[in-house]
Amino acid sequence: MEQQLKTLDEIGEGIGVRVVSILTGRAAQNKLAELCIFEGTILIALRQAPIGGPVLVSAGGREVAIGRNLAHKIKVQVME
Amino acid sequence: MRFVLVGQPNCGKSTLFNQVCGYKAETGNFTGTTVTFTESRVRLVGDIVDLVDLPGTYSLEGSNPAEKEVFRYLLNHSYDCIINVLDASHLSLGLAMTVELLELQRPMIVVLNMVDEADHLGMRVDINKLSETLGVPVVPMIARIGRGVKEVFLTALRTARLKNTPHRIRYSQRLEDAIAALSAFIDPQRSDMAVDAAAIKLLESDPLITELFQARQPEAIQATERVRSDLAQVDTGEQVFRLERHEAAQEIAGRVILQGTRKLTLRDKLDNYLLHPIWGYLFLLIVLYLFFQGVFAFGGLIEGPLMAWFAELETLIISHLPPGGIASQLAVGLVQGISGGLGIVLPYLVPFLFGLGLLEDVGYLPRIAFLVDAFMHRIGLHGAAIVPFILGFGCNVPSIMATRTLEDKRERFIAGALSTLVPCAARLAVVFGLVAFYLGPLAALLIYVFVLFVIAITGRILSRLLPEDIPGLILEIPPYRVPTVRAVFQKTWFRVKEFIVEAWPILIAGSVFLALLNALNLSQFVDIIFRPFTWLLGLPSQVGTTLLFGILRKELSLVMLGQALGSMDFSQVLTPVQMITYTIFVIFYMPCLATLVVIRKELGTRSMWAIMGLSLVIATVTALLARGVSSLIF
C-alpha cells in the first residue's frame, strides 16, 4: 500500500486512487468539496481529453471533469 | 437470543429481513411514535432467534424521529448482537454510522450488502482488512439473491455467544481529552450505556441522552457545560464529533476499497465515442453543423415572409402620411425597430435558445466543455466558456446571457468580450452580401478565418492583461437524459422574455431616434463624427451614417450603405479593398445595441464601456491591417 504519490493527471484509465492532498486554490478546493472530492476520497480515473485537456474521474459514482492544471495539483495514492 | 438490524435506508436491511421471513412466527409493531419496526422469530440452525428490523437511518444523532427511535431501542431494549448492514457501493457513507454504533460497545457484526454492485462500480472491498480495522466480524452478502444470508446469522450467533464487545474508533486527542474529562463525572451504575459513549452523546447534545441524564445525573449535565466551554466549541462542539466520525469513515473506506475493473454501462459506451480523442471531435463538429443548419433553415423560413410583411406595412403607413415628412420617417423608424427586434428574436434567438436548451438537457454541453477545455485554455478561458462562443455565431445576445454559467468575474468579462467579436448571423449577412457576393466565397471564408484568429489573439492579450490564476475546469459530467419538451420550452421562453423586456424597447427607441436624425438632415454630422475612422480606413465619408445604423442592428449597415452611397451595386461605388476594410470594421466595431443592453445587465456598466472601447480599438487595428494586406492583393 505504501507507494510514492502521483498527481491525478498522471493516472491511467481505470486506475483507482485515493486523494492525499489538494494543493489548489481555495476556490477550486471548495468547488471540489461541493462534488464530494476531499482528501481521502476514492477516485477512479476514467479518461483524459487529448492535448492537455481535462481528466475525467468518477467520485462515488459521479463523474467529474477536472482541468489538467488542477489535476496536476491533486496528489493521489494509487490503490492496489 | 435477539438480533437487531441497523443500517441506512436502502442498504438492503429489509431485503435481508424478508429473506428469513419464511420462519416468521410473530411480528409486532412497536408503538409510541409514527415510526414502527418489526420483530420476527427466526429458527436458525437449531436456535430460536428474535430478529428486529429497525427503521433505516443515517445516524443515531436523534435529529429526526426515526433516528431517535433507533437510538432509544438500542439503549432501552435487551439484545445480543447488532447486525449493521452497509451498502458496499456507498461504503464511506454507511461507515459513519458504523463508527457511531461501535461506541455503544455491544456485540456487533457488519454486513456488506450489494457487494456485486460495488464490484460493478469497480470497488472491491477487502473484507479482512475492514474486519481488522473495525474490530468486528464482517460478512459479505447479496441479499437480493440470498447469497451470504446464512453466514450473516451464523456469525451473529457466534458473536453473541462470545459476547465480544468491540472498541470504538478514537477521536482526535482534543476530543478524547474532553471525553475522558466528562467520563469522570458519569456514574456507570446509573447509565444504560458505556460511560465514554454517554460522554460523547452528552457533548454532542443528543436530546435523548441529555433528557436521560437530566433526570438521573444532573451533575453530569453541568459537567458537560464546563467541558464544552473548555473545548471552546460551544457552538460547533456538537458538529465536531460528527465531522470526525465522517472523516474516520472516509479514512477506513479508503483503506479497504480495492481496485477492480469497472463494468461498462450504456453511458460509458456512449462516452467512449462522444468523448473519444478523434470521434468525439468529429461528432462535435457534426452536432454543431446540424445545430447551425437547423437554426438558419428555421430563421430563413421565418425571416423572409416576416420582413416582407413588415415592408408592406411600412408602405401602407407611408401612403397614409404626408410623403417625405417627419411623421412618415418616424413611423418607418418605429416599424423598423419593431421588425428589427422580431427579426432577431423569432428567426434566430428562439431556435438558438431552444437548441441550446436541448443540448443542455441531454447532457451534451458539459461534454463539449470537456472536449474543448484544452483549446480554451490557450485564450485564457476554460472549457465551460465554449457555450457563449457557439451561441455568438447566431446572436451575441444569448451568448452574453450564457456567460452567466461562468463563476469567475474575470472569466465572464473575457468570455463576454470575446463572444461579442464572434460574427453573428447579422454580420454574416454583411460578409455574404458584400464580400462573398462581389469578391467570391473564398474571400468570405478568409474573413471568417481571420476573425477567429483575431478572437484568439484578443483572448491571449486579455488574459495577459487580466492575469489571475485561471481556476480551471471543475465540472460534473451528468448522465445522459431524455429531455422533456416542456422544460426546454420553459427555459427558452425565460431567456427570450429577457430579450423582449430588456433590449427590444431600446432597439425601438434607437430606431426612432435615427429616423429623426435622418429626417432633420443631421446625417452629415454623423458622417463628421465618424470621419476619423472613415478617413483612416480610406472609406467614403458617407458610410459614417451606415456605421451608426450598424450599431442598431449590424445588417442595417449593409442596407443603409446603398442609401448612403446612392447605388445598390456596391462594385460601382466601392473598391474591393474598401469592401474588405468596411466588412472587417463592421464585424468588430461596437456590439449592437441589443447586445450592449444585455452586457450592461449581465456584466455591469463598466464592462459595457470597456467592451465598447475594446471593440473600437480592435476594429480600427484589424481594418487597417485588412486594408494594408488587401491592397497588396487587389
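Scroll up for the structure.
Remember, it's a predicted structure, so these values are computed and weren't measured experimentally.

Engineer: For the nonpolar core, give the residues involved together with the corresponding values.
Structural biologist: Residues and elements named next belong to chain B. Of all hydrophobic cores here, the largest spans 113 residues; its most connected members are Leu 381, Phe 389, Leu 418 and Phe 588. Leaving out residues up to four positions away in the same chain, Leu 381 has contacts with Met 376, Phe 389, Glu 411, Ile 414, Ala 415 and Leu 418. In terms of nonpolar packing, the next biggest core, distinct from the first, is built from 66 residues, Phe 71, Met 123, Val 125 and Met 193 among them.

Engineer: Could you give me a rundown of the packing of helix H19 (residues 425-439) of chain B against helix H26 (residues 576-588) of chain B, with the residues and numbers involved?
Structural biologist: Residues and elements named next belong to chain B. Across the interface, H19 lies against H26 with an axial gap of 10 Å and an inter-helix angle of 170 degrees. Classified by the angle between their axes, H19 and H26 sit roughly antiparallel to one another. Facing H19, whose interface residues are Arg 427, Val 430, Val 431, Leu 434, Val 435, Tyr 438 and Leu 439, H26 presents Pro 576, Met 579, Ile 580, Tyr 582, Thr 583, Val 586 and Ile 587. Its residues assigned to classes, the contact of H19 with H26 shows twelve nonpolar, one polar and one charged.

Engineer: Outline the pairing of strand S4 (residues 55-59) of chain A, listing residues and values.
Structural biologist: Residues and elements named next belong to chain A. Among the five residues that make up S4, five are buried, leaving the element largely enclosed by the rest of the structure. Burial of S4 is two-sided: the residues Val 55, Val 57 and Ala 59 facing one way and the residues Leu 56 and Ser 58 facing the other way are all buried. The pairing of strand S3 (residues 42-48) with S4 spans five bridges and is classified as antiparallel. Bridge pairing links Arg 47 to Leu 56 in S4. Joining the antiparallel neighbours S3 and S4 is a turn of six residues, in which Ile 51 adopts a positive phi near 40 degrees.

Engineer: How would you explain the pairing of strand S6 (residues 74-78) of chain A if you had to name every residue and give the values?
Structural biologist: Residues and elements named next belong to chain A. Counting buried positions over the five residues of S6 gives four, a clear majority of the element. Summarising the sheet, strand S2 (residues 16-22) and S6 pair through five bridges and their orientation is antiparallel. Residue pairing across strands places Val 17 opposite Val 78, the latter belonging to S6.

Engineer: Can you lay out the interface of chain A and chain B for me, pointing to particular residues and giving the numbers?
Structural biologist: Listed as interface residues are 37 residues of chain A and, on the opposing side, 31 residues of chain B. The largest share of the area that chain A buries against chain B comes from Lys 31, Arg 47 and Glu 63 of chain A, three residues that together contribute 22% of it. Taken together, the connections running from chain A to chain B amount to zero salt bridges. Inspection of the chain A/chain B interface yields four residue pairs in polar contact (both at pLDDT 80 or more). Of all the secondary structure elements, the ones that give two or more residues to the side of chain A that touches chain B are S2, helix H1 (26-34), S3, S4, strand S5 (62-66) and helix H2 (68-71) of chain A. Partitioning the side of chain A that touches chain B into residue classes produces 20 nonpolar, nine polar and eight charged. Pairing analysis gives three bridges linking S5 of chain A to strand S9 (residues 474-476) of chain B, with the strands arranged antiparallel. Bridging from a neighbouring strand, Ile 66 of chain A pairs with Ile 474 of chain B of S9 of chain B.

Conventions adopted
- Residues numbered from 1 in each chain as written.
- Chains lettered and ligands numbered in written order.
- Predicted model: local features only at pLDDT ≥ 70, side-chain atom pairs only at ≥ 80, totals over all residues.
- Heavy atoms only, no water.
- Core = buried A, V, L, I, M, F, W, Y, C linked by side-chain atoms within 4.5 Å.
- Buried < 20%, exposed > 50% of the residue type's maximum accessible area, 1.4 Å probe, protein only.
- Contact = heavy atoms within 4.5 Å.
- Axes fitted to C-alpha atoms, helices over the stretch in contact; angles between N-to-C directions.
- Helix = DSSP H or I, 4+ residues; strand = E, 2+ residues; numbered from the N terminus.
- Parallel < 35°, antiparallel > 145°, perpendicular 65-115°, else oblique.
- Nonpolar A, V, L, I, M, F, W, Y, C, P; charged D, E, K, R; others polar.
- Pairing = 2+ DSSP bridges.
- Buried area = accessible area lost by both parts, 1.4 Å probe.
- Salt bridge = Lys/Arg side-chain N within 4 Å of Asp/Glu carboxyl O.
- Polar contact = N/O pair within 3.5 Å; in protein donor to acceptor, adjacent residues only side chain to side chain.

Interpretation in functional terms is not warranted from these geometric data alone.
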